Amino acid sequence: MRQKPTVLSREIVASSRLFRVEAVQLRFSNGNERTYERLVGRGNGYGAVMIVAMLDAEHAVLVEEYCGGTDEYELSLPKGLIEPGEDVLAAAERELKEEAGFGARQLEHLTELSLSPGYMSQKIQVVLASDLYEERLEGDEPEPMRVDKVNLRELSALAMHPQFTEGRALAALYLARDLLIQRGLFES
């Protein structure tokens, strides 16, 4: 196993309402030193959740929302921050109700994904939701989200859709599809 670099110093070099940029000075085992900059959260440490919500054996819920990072309306999976006192599954249930108007009778934690581990500390918990029912909670979105769906047989086409660019969401859909195939709940 490789030895992790020694941290020589850490400094917050920029900060906003949501993010901090941290400069970390490191010394590697071969003596080389380098400064890495990384985006870190504001320190609440609760994390985030992304939900693959199955409408039926083949179709998952997508939502369309405005994304400031791309300055576009994008399709993705329902997702959001885990609030203080919530566990992963409770946060998934709440976010699904707020963003897509569905609750789920069955929730299962699948995995944890990162977006860009070379530059970001944030990770997201992926949850599979099934046995859905209609229920809406008011959330913090500035406008209602359009709800759509994707057939798990058409993930390659979804990856080419100009409004679907989030790699974590695509990975989550493939993971959920493969798990459902393995369990015999989805025919490939």
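One can find the structure itself at the top, above this paragraph.
Residues numbered from 1 in each chain as written. Predicted model: local features only at pLDDT ≥ 70, side-chain atom pairs only at ≥ 80, totals over all residues. Heavy atoms only, no water.

Enquirer: Could you give an account of the sheet that holds strand 1 (residues 6-15), with specific residues and numbers?
Expert: Spatial ordering of the open sheet is given by 1-2-3, a layout of three strands whose pairing is antiparallel. Both outer strands of the open sheet, strand 1 and strand 3 (33-40), are each paired with one neighbouring strand and no more. Averaged over neighbouring strand pairs, the angle between their axes works out to 20 degrees when direction is ignored. Summarising the sheet, strand 1 and strand 2 (residues 20-27) pair through eight bridges and their orientation is antiparallel. When the bridges of strand 2 are listed, Arg 10 appears paired with Val 24. (Pairing = 2+ DSSP bridges. Helix = DSSP H or I, 4+ residues; strand = E, 2+ residues; numbered from the N terminus. Axes fitted to C-alpha atoms, helices over the stretch in contact; angles between N-to-C directions.)

Enquirer: Describe the nonpolar core, and please don't skip the residues or the numbers.
Expert: In summary, soluble globular proteins display a tendency toward joint burial of nonpolar side chains. Val 52, Leu 77, Leu 152, Phe 164 and Leu 173 are the most contacted members of the largest nonpolar core, which totals 25 residues. Broken down by secondary-structure element, the contributors of at least two residues to this core are strand 4 (48-53), strand 5 (59-67), strand 9 (123-134), helix 2 (155-160) and helix 3 (167-182). Per element, the largest residue contribution to this core is seven residues, and it comes from helix 3. Discounting chain neighbours no more than four positions away, the residues touching Phe 164 are Leu 62, Glu 74, Leu 75, Ser 76, Leu 158, Ala 159, Ala 169, Leu 170 and Leu 173. The next biggest cluster of nonpolar side chains, apart from the first, holds 16 residues, and it includes Ile 51, Ile 82, Leu 96 and Met 145. (Core = buried A, V, L, I, M, F, W, Y, C linked by side-chain atoms within 4.5 Å. Buried < 20%, exposed > 50% of the residue type's maximum accessible area, 1.4 Å probe, protein only. Contact = heavy atoms within 4.5 Å.)

Enquirer: Could you give an account of the pattern of salt bridges, with specific residues and numbers?
Expert: Inspection of every chain in the model, using the stated rule, returns 19 salt bridges. A salt bridge links Arg 146 to Glu 64; its shortest N-O distance comes to 3.1 Å. Here Arg 146 is found in strand 10 (residues 146-151), whereas its partner Glu 64 is found in strand 5, with 82 residues between them in sequence. Taking the relative accessible area as the measure of exposure, Arg 146 reaches 37% and is therefore partly exposed. Given the relative accessible area of 17%, Glu 64 is considered buried. Taken together, the shared-partner salt bridges in this structure form one network comprising Glu 83, Glu 86, Arg 94, Glu 95 and Glu 98. (Salt bridge = Lys/Arg side-chain N within 4 Å of Asp/Glu carboxyl O.)

Enquirer: For helix 1 (residues 88-100), give the residues involved together with the corresponding values.
Expert: Here helix 1 spans 17 Å end to end across 13 residues, near enough to the 18 Å set by a 1.5 Å rise per residue. A large share of helix 1 lies buried, amounting to ten of its 13 residues. Ala 91, Ala 92, Glu 93, Arg 94, Glu 95, Leu 96, Lys 97, Glu 98, Glu 99 and Ala 100 are the residues of helix 1 that are buried. For helix 1, the elements touching its buried residues are strand 4, strand 5, strand 7 (79-81), strand 8 (102-114), strand 9 and strand 10. Between the side-chain oxygen of the N-cap and the backbone nitrogen of Leu 89 there are 3.2 Å, and the N-cap of helix 1 in question is Asp 87. (Expected span 1.5 Å × (residues − 1). Polar contact = N/O pair within 3.5 Å; in protein donor to acceptor, adjacent residues only side chain to side chain.)

Enquirer: Run through unusual backbone geometry, naming residues and quoting values.
Expert: One non-glycine residue with positive phi stands out, namely Asp 71, at about 60 degrees. One can find Asp 71 in the loop between strand 5 and strand 6 (72-76). Owing to a relative accessible area of 51%, Asp 71 belongs among the exposed residues under this scheme. The phi dihedral of Asp 131 is positive, around 55 degrees, even though this residue is not glycine. When you line up the elements, Asp 131 lands in strand 9.

Enquirer: Would you mind going over the side chain of Asn 151 in detail, with residue names and values included?
Expert: For Asn 151, the location among the structural elements is in strand 10. Engagement of the side chain of Asn 151 in a polar contact is seen with the side chain of Glu 58, the distance being 3.1 Å. The contacts of Asn 151, once residues within four sequence positions are left out, are Glu 58 and His 59.

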